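Below are the chains, spelled out letter by letter.
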Amino acid sequence: MPQTVQGVIARSKGAPVELVDVVVPDPGPGEAVVQVQACGVCHTDLHYREGGINDEFPFLLGHEAAGVVEAVGEGVTEVAPGDFVILNWRAVCGECRACAKGEPQYCFATHNATQRMALTDGTELSPALGIGAFVEKTLVAAGQCTKVEDADPAAVGLLGCGVMAGFGAAVNTGGVTRGDSVAVIGCGGVGDAAIAGARIAGATTIVAVDVDARKLETAKAFGATHTVDASAEDPVEAIRALTGGFGADVVVEAVGRPETYEQAFYARDLAGTVVLVGVPTPEKQVTLPMIDIFGRGGALKSSWYGDCLPSRDFPMLVDLYRQGRFDLDAFVTERIGIGDVEAAFDKMHAGDVLRSVVVMEGAR
Ligand SMILES: NC(=O)c1ccc[n+]([C@@H]2O[C@H](COP(=O)([O-])OP(=O)(O)OC[C@H]3O[C@@H](n4cnc5c(N)ncnc54)[C@H](O)[C@@H]3O)[C@@H](O)[C@H]2O)c1
Ligand SMILES: [Zn+2]
Ligand SMILES: [Zn+2]
């Protein structure tokens, strides 16, 4: 029997989110229903609400989540009811041209649930990033459930998007390794995870750049060796000064704006790497002298989801968390109820939080 549960939707562009009844079908072949325990509020949810991703309203928001599998459909073998899982938006297909080349982290045909969740009047919902997890129960493809060791769902659920994206931007996409110099522009949840990743990978100089002094303080706790307040000084000059006049080996842009991308471009050393993990809105443009693109060499990369492979990376990061080597708790600024998502967007906008995390009744 389909179940009716409470969930948070964005009905139309820019309108405040609403808590409504959501109808969740029973899992069909290859699908699973997951009882959501916790779900972080990511900047990408706000992009959806503002129409910055696409126009397929109404959206069921939320996508950084952990919970327990309640039921699975026909043919599902990878997870079973009772499993504690982190939801992912990269359920790799194993068959597309990326997967065939042995590069499943770029899979071009990732799986989502085939059936749709809906409003009680039958209007189908578009789940954010193919997940939709500001809801008591959600329907996903079974491959979107990554089984991990038991841990606080509010902390490890963040691996489902922003923290994985930031960590992987530095370590997977940027290839940060021991002795590297790294600069991270934008120290929200994503940027701080890039800083933490750079530290774990052995970077020796880690420069945190933000326009908000509070964010720079937190960035130090995650491993920044130096901080630059871009509202007070030129970040390109400052990063060069901190790296022997040369620029950083890897610069991670975790804001998604043309001016910060340009800073990242010029703040890297010759042959260095720029990683764009911040998500730009569709109208944003950059103009760069082509001779500088050529003359500086190196690599300009973008990082979707930190080029992660959930089955490889989530259990490893949960291990690091359980061992006390990766402080996921430090990303959780506050635990909120499912009715508080709109207020959390305001706090995110004001820069007051790293992550507000919705914790469901019963899982608190
Ligand atoms: N690529 C991916 O797979 C992926 C996944 C999740 C999130 N994201 C994106 O990453 C970006 C960051 O997400 P977040 O959750 O950390 O957001 P956030 O709003 O918490 O953090 C953004 C940070 O950038 C800082 N900032 C703003 N303007 C700046 C400037 N001019 N110079 C320096 N710093 C500046 C802000 O003060 C803030 O600390 C967003 O664009 C989000 O959509 C990407
Ligand atoms: Zn594939
Ligand atoms: Zn996200």
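Everything numeric in this text was worked out from a predicted model, so none of it was measured. (Residues numbered from 1 in each chain as written. Chains lettered and ligands numbered in written order. Predicted model: local features only at pLDDT ≥ 70, side-chain atom pairs only at ≥ 80, totals over all residues.)

**Student:** Which residues make up the overall build of the protein, and what are the values?
**Tutor:** When helices and strands are counted, the protein shows 11 helices and 18 strands. For the protein, whose C-alpha radius of gyration is 20 Å, the value lies close to the compact-globule estimate of 21 Å for 364 residues. Oriented by its inertia axes, the alpha-carbon framework of the protein measures out at about 65 × 40 × 40 Å. Here the protein holds 364 residues, and 52% of them are scored as buried. Within the protein, contacts between residues at least 6 apart in sequence are counted, and of these 71% link residues at least 24 apart. (Helix = DSSP H or I, 4+ residues; strand = E, 2+ residues; numbered from the N terminus. Rg over C-alpha atoms; globule rule 2.2 N^0.38 Å. Buried ≥ 20, exposed ≤ 12 C-beta atoms within 10 Å, placed from the backbone. Contact = placed C-beta atoms within 7 Å.)

**Student:** Can you lay out the pairing of strand 18 (residues 355-359) for me, pointing to particular residues and giving the numbers?
**Tutor:** Across the five residues of strand 18, five count as buried, placing the element largely inside the fold. Of the two faces of strand 18, the one lined by Arg355, Val357 and Val359 and the one lined by Ser356 and Val358 are each fully buried. As paired strands, strand 3 (residues 31-40) and strand 18 are joined by three bridges and run antiparallel to one another. Counted as the bridge partner of Gly40 is Val357 from strand 18. Across four bridges, the pairing between strand 17 (residues 332-336) and strand 18 is parallel. (Pairing = 2+ DSSP bridges.)

**Student:** Quick one: what's the story with the nonpolar core, residue by residue and with numbers?
**Tutor:** Most often, soluble globular proteins keep nonpolar side chains buried together rather than apart. Grouped together as the largest cluster of nonpolar side chains are 120 residues, with contacts concentrated most on Leu61, Ala170, Val184, Ala194 and Val252. If we skip the residues at most four places from it in the chain, Val184 touches Gly191, Ala194, Ile195, Ala208, Val209, Val252 and Ala254. (Core = buried A, V, L, I, M, F, W, Y, C linked by C-beta atoms within 7 Å.)

**Student:** Kindly report on the packing of helix 5 (residues 189-201) against helix 6 (residues 213-222), identifying the contributing residues and their values.
**Tutor:** Here helix 5 crosses helix 6 at 30 degrees, and the two axes come no closer than 8 Å. It follows that helix 5 is roughly parallel to helix 6 by the angle criterion. Note on packing geometry: the crossing formed by helix 5 with helix 6 is right-handed. Contacts from Asp192, Ile195 and Ala196 of helix 5 reach helix 6 at Thr218, Ala219 and Phe222. Per-class residue counts for the contact of helix 5 with helix 6 are four nonpolar, one polar and one charged. (Axes fitted to C-alpha atoms, helices over the stretch in contact; angles between N-to-C directions. Parallel < 35°, antiparallel > 145°, perpendicular 65-115°, else oblique. Left-handed = near helix turned anticlockwise from the far one by under 90°. Nonpolar A, V, L, I, M, F, W, Y, C, P; charged D, E, K, R; others polar.)

**Student:** If you had to explain the packing of helix 4 (residues 162-173) against helix 5 to someone new, which residues and values would you point to?
**Tutor:** At a minimum axis separation of 7 Å, helix 4 and helix 5 run at an interaxial angle of 45 degrees. One element, helix 4, and the other, helix 5, form an angle in the oblique class. Viewed along their axes, helix 4 and helix 5 form a crossing whose handedness is right-handed. Note on element contacts: helix 5 touches helix 4 through Gly189, Val190, Gly191, Asp192, Ala193, Ala194, Ala196, Gly197, Ala198 and Ala201, opposite Gly162, Val163, Ala165, Gly166, Phe167, Ala169, Ala170 and Val171. Residues that form the contact of helix 4 with helix 5 fall into these classes: 12 nonpolar, five polar and one charged.

**Student:** Residue-level account of the sheet that holds strand 13 (residues 226-229), with values.
**Tutor:** Spatially, six strands are ordered 13-12-11-14-15-16 in an open sheet, and the strand pairing comes out parallel. Unpaired on one side and paired on the other, strand 13 and strand 16 (299-302) mark the two borders of the sheet. Sheet twist, expressed as the average angle between the axes of neighbouring strands with direction ignored, equals 20 degrees. Sheet topology note: the strand 14 (residues 248-253)/strand 15 (residues 268-276) ladder contains five bridges and is parallel. Across the sheet, Val251 pairs through a bridge with Val274, a residue of strand 15.

**Student:** Quick rundown of unusual backbone geometry? Include the residues and the values.
**Tutor:** A cis amide bond links Phe57 with the next residue in sequence, Pro58, at an omega value of -5 degrees. Note that Pro58 resides in the loop between helix 1 (43-49) and strand 4 (59-60).

**Student:** Explain the site of ligand 1 to me, and be specific about the residues and the numbers.
**Tutor:** Around ligand 1, 33 residues are found, and the nearest of them are Ala165, Gly186, Gly188, Val190 and Gly256. Listed by contribution, the elements that provide at least two residues to the shell around ligand 1 are helix 1, helix 4, helix 5, strand 12 (205-210) and helix 8 (258-266). Of the residues belonging to the shell around ligand 1, the class tally is 16 nonpolar, 13 polar and four charged. (Near = placed C-beta within 6 Å.)

**Student:** I'd like a rundown of the sheet that holds strand 8 (residues 126-127), residues and numbers included.
**Tutor:** What the five strands build is an open sheet, ordered 7-2-1-4-8; its pairing is mixed. Every interior strand has two partners, whereas the edge strands, strand 7 (118-119) and strand 8, have only one. With two bridges connecting them, strand 2 (residues 18-24) and strand 7 associate as antiparallel partners. Bridged to Val22 within strand 7 is Leu119.

**Student:** For helix 10 (residues 310-322), give the residues involved together with the corresponding values.
**Tutor:** Here helix 10 spans 17 Å end to end across 13 residues, near enough to the 18 Å set by a 1.5 Å rise per residue. For helix 10, the full list of buried residues reads Pro310, Asp313, Phe314, Leu317, Val318 and Tyr321. Buried residues along helix 10 cover an arc of 130 degrees about the axis, so they all sit on one side. Where helix 10 is buried, its residues contact strand 6 (84-87), strand 10 (145-147), helix 3 (153-156) and helix 4. Where helix 10 ends, the next residue or the one after it, Gly324, has phi of about 80 degrees, a positive value. (Expected span 1.5 Å × (residues − 1). Arc of directions from axis to C-beta.)

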